[in-house]
Amino acid sequence: MSNYSDPRADTSLKLCEHCDAVFRRIRLDPGERAYCPRCGTELYRNNDRRYGALLPVVLASLIVFICCNAFPIVTMEIQGVSTRTTVWGAVRVLALEDMLSVSTLVFATTILVPLIELGLLAYLLVPLWLGRIPAGFGPVVRIVRMGRPWGMIEVFMLGIVASLVKLSAMATVVPGVALWAFGALTVLLAVVVSFDPADLWEHAEAIETGQGVAAGDAP
């Protein structure tokens, strides 16, 4: 067993997150799902093929994330005066307007947490794709799972749309590159969060025992 693995992890068992029932995993065919017989909650699914496509989605999300923060969200024109704003600019203005708590919340949920999650997923998936297990595999998986509820890009997107609808009655609003990038990022993150990072334990175990292949070699 590799030093990078966590000896406390038992990939043969699965805990239902809703009713806390414990079940022993069985091998599923591609596309199949296992459900809890007690409450009907989905326990796990066969992601062998889907995980091969996760790394490109994560890398694409990182690129789109950079666009979200590097370009203006909207451009507003009021009586010939044009104003542009970015996510960083919005966070800064909120802080200067003595709304530090709101500024911190926006920064954490729309910038910091999504960036950390995508970065850590890339850190996990690139070595696994190459057939290796990254250092600190167990703690990194736990951090990704704990941080997921705090990523709220979709909430931020809905807030932007609602604000634009109200502002359109007072000024000329021109959507910026970042707004379209946020829309694309929302879709990409929806794909990312459909994968349970805990399932990566099975892939790591297969690599450790020599029973798995790198994602790049999968048919």
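So, a few notes on the structure that sits alongside this text. (Residues numbered from 1 in each chain as written. Predicted model: local features only at pLDDT ≥ 70, side-chain atom pairs only at ≥ 80, totals over all residues. Heavy atoms only, no water.)

Take the overall build of the protein next. Looking only at helices and strands, the protein features 7 helices and 7 strands. Listing each helix as α and each strand as β along the protein from the N terminus yields β-β-β-β-α-β-β-α-α-α-α-β-α-α. Burial statistics for the protein: of 219 residues in total, 37% are counted as buried. A sequence separation of at least 24 residues applies to 62% of the contacts in the protein between residues at least 6 apart. Total accessible area on the protein is roughly 12,800 Å²; 63% of this is exposed by carbon and sulfur atoms. (Helix = DSSP H or I, 4+ residues; strand = E, 2+ residues; numbered from the N terminus. Buried < 20%, exposed > 50% of the residue type's maximum accessible area, 1.4 Å probe, protein only. Contact = heavy atoms within 4.5 Å. Areas by Shrake-Rupley, 256 points an atom, 1.4 Å probe, with all protein chains shown as cover.)

Turning our attention to the packing of helix α2 (residues 87-96) against helix α3 (residues 100-129). Axis angle and axis distance: for two packed helices, these are the angle between their axes and the distance between the axes, and together they describe the pair. α3 packs onto α2 with a crossing angle of 160° between their chain directions and a minimal axis gap of 7 Å. Taken as axis vectors, α2 and α3 run roughly antiparallel relative to one another. Taken as a pair, α2 and α3 cross one another with a handedness that is left-handed. For the pair α2 and α3, the contacting residues are Val87, Trp88, Val91, Leu94 and Ala95 in the first and Leu100, Val102, Ser103, Val106, Phe107, Thr110 and Ile111 in the second. Across the contact of α2 with α3, the residue classes tally to 10 nonpolar, 2 polar and no charged. (Axes fitted to C-alpha atoms, helices over the stretch in contact; angles between N-to-C directions. Parallel < 35°, antiparallel > 145°, perpendicular 65-115°, else oblique. Left-handed = near helix turned anticlockwise from the far one by under 90°. Nonpolar A, V, L, I, M, F, W, Y, C, P; charged D, E, K, R; others polar.)

Packing of α3 against helix α7 (residues 200-208) brings their axes to within 11 Å, and their N-to-C directions diverge by 35°. Crossing geometry of α3 relative to α7 is assigned as left-handed. Residues Leu124, Leu125 and Leu128 of α3 form the contact with α7, whose own contacting residues are Leu200, Ala204 and Ile207. Residue classes in the contact of α3 with α7 are distributed as 6 nonpolar, no polar and no charged.

A few words on the environment of Trp129. Mapped onto the secondary structure, Trp129 falls in helix α3. Sequence separation of Trp129 and His203 is 74 residues, and the distance between their C-alpha atoms is 9.8 Å.

A separate point is α7. Those residues of α7 that sit buried are Leu200, Trp201, Ala204 and Ile207. Looking straight down α7, one finds its buried side chains confined to an arc of 125°; they lie on one side. (Arc of directions from axis to C-beta.)

To continue, consider unusual backbone geometry. The phi torsion at Asp98 lies on the positive side, around 60°, for a residue other than glycine. Within the fold, Asp98 resides in the loop between α2 and α3.

A side chain with one charge may pair with a side chain of the opposite charge, provided their charged atoms come close. Within the structure shown, the criterion is met by 1 salt bridge. The salt bridge involving Arg148 is made with Glu117; its shortest N-O contact spans 2.9 Å. Taken together, the residues span a long stretch of sequence, with Arg148 in the loop between α4 (137-147) and α5 (153-167) and Glu117 in helix α3 at a distance of 31 residues. For the pair formed by Arg148 and Glu117, the shared burial category is buried. (Salt bridge = Lys/Arg side-chain N within 4 Å of Asp/Glu carboxyl O.)

Counting 42 residues, the largest nonpolar core has Val58, Ile73, Leu125, Phe137, Phe182 and Leu185 as the members making the most contacts within it. Only α1 (51-70), α2, α3, α4, α5, α6 (177-192) and α7 provide two or more residues apiece to this core. Excluding anything up to four places from it in sequence, Phe182 contacts Cys68, Val87, Ile153, Phe156 and Met157. Residues Leu28, Ala34, Leu43 and Tyr44 belong to the second largest nonpolar core, which totals 8 residues. (Core = buried A, V, L, I, M, F, W, Y, C linked by side-chain atoms within 4.5 Å.)

A contiguous nonpolar patch, built from Leu112, Ile116, Ile143 and Met146 and spanning about 370 Å² of accessible area, is present on the exposed surface. Elements with a contribution of two residues or more to the nonpolar patch: α3 and α4. By secondary structure assignment, the location of Ile116 is in helix α3. Exposure remark for Ile116: the relative accessible area of 39% places this residue in the partly exposed category. (Patch = residues over 30% accessible without salt bridge, like charges linked within 9 Å, V, L, I, M, F, W, Y side chains within 5 Å.)

The next thing to look at is the packing of aromatic side chains. In the structure shown here, the tally under the stated rule is 1 aromatic pair. Measuring from centroid to centroid gives 5.7 Å for Trp88 and Phe107, while their planes differ by 55°, and the two rings are tilted. Residue Trp88 is located in helix α2, and its partner Phe107 is located in helix α3; the two are separated by 19 residues in the primary sequence. The exposure class of Phe107 is partly exposed, given its relative accessible area of 26%. (Phe/Tyr/Trp six-rings, centres within 6.5 Å; stacked < 30°, edge-to-face > 60°.)

Right, let's get into the state of the cysteines. Using the criterion set out here, one finds 0 disulfides in the structure. You can see Cys67 has no disulfide; the closest cysteine sulfur is in Cys68, sitting 7.0 Å from it. (Disulfide = S-S within 2.5 Å.)

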